[in-house]
Amino acid sequence: MTLEEKIKKAEEKAKESIVQIFNEKPDEIKKELEKERILGNPENLIKPDNENE
C-alpha cells in the first residue's frame, strides 16, 4: 500500500467518524445529557475531618 493510498483511506475513515460524532443525537440521549451531572448536594457530601486534606 502506497503512502497516497494510506492517506486516502485515513481521510475516508475520518469522514465516517465526523458523521458519527456530529450527527443529531436521539431524544433519549439528549435528555440524559441535559440532566444535572453532579450526584449529591452540599447536605449529603462528606466533609473532611482535616481541613488541610
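Above this text you will find the structure in question.
Let me sum up the structure you'll find in this document. Worth saying up front: this structure is predicted, and the values here are computed from it rather than measured.

## Thoughts on the overall build of the protein
- In terms of helices and strands, the protein carries two helices and zero strands.
- The 53 residues of the protein split such that 0% are buried.
- Surface summary for the protein: the accessible area is close to 6,000 Å², and the carbon and sulfur share equals 54%.

## Quick look at a nonpolar patch on the surface
- Together, Ile18, Ile21 and Phe22 make up a nonpolar patch on the protein surface, roughly 360 Å² of accessible area in all.
- Summarising the element assignment, Ile18 is placed in helix α1 (residues 3–22).

## Let's talk about α1
- The end-to-end C-alpha distance of α1, which contains 20 residues, comes to 28 Å, matching closely the 28 Å that a straight helix rising 1.5 Å per residue would cover.
- Among the 20 residues in α1, zero count as buried, and that is only a small part of the element.

Parameters at a glance
What you see as residue numbers is a count from 1 along each chain, following the sequence as written. Selection of residues for local features in this predicted model requires a pLDDT of at least 70, selection of side-chain atom pairs for listing and counting requires 80 or more, and totals for whole chains, interfaces and linings are taken over all residues. Think of the side-chain values as coming from all heavy atoms in the structure, minus any hydrogens and water. In this description a helix means any DSSP run of H or I spanning at least four residues, a strand means any run of E spanning at least two, and both kinds are numbered starting from the N terminus. Only protein chains enter the calculation, and the probe is 1.4 Å; a residue is then buried if its accessible area is under 20% of its type maximum, exposed if over 50%, and partly exposed in between. Residue exposure ignores everything except the shown protein chains as possible cover, and the areas themselves are Shrake-Rupley values with a 1.4 Å probe. Patches here are clusters of residues that have more than 30% relative accessible area and form no salt bridge, with a 9 Å joining cutoff for like charges and a 5 Å cutoff for nonpolar side chains (Val, Leu, Ile, Met, Phe, Trp, Tyr). Criterion for a salt bridge: a side-chain nitrogen of Lys or Arg within 4 Å of a carboxyl oxygen of Asp or Glu. Working rule for helices: expected span equals 1.5 Å times residues minus one.

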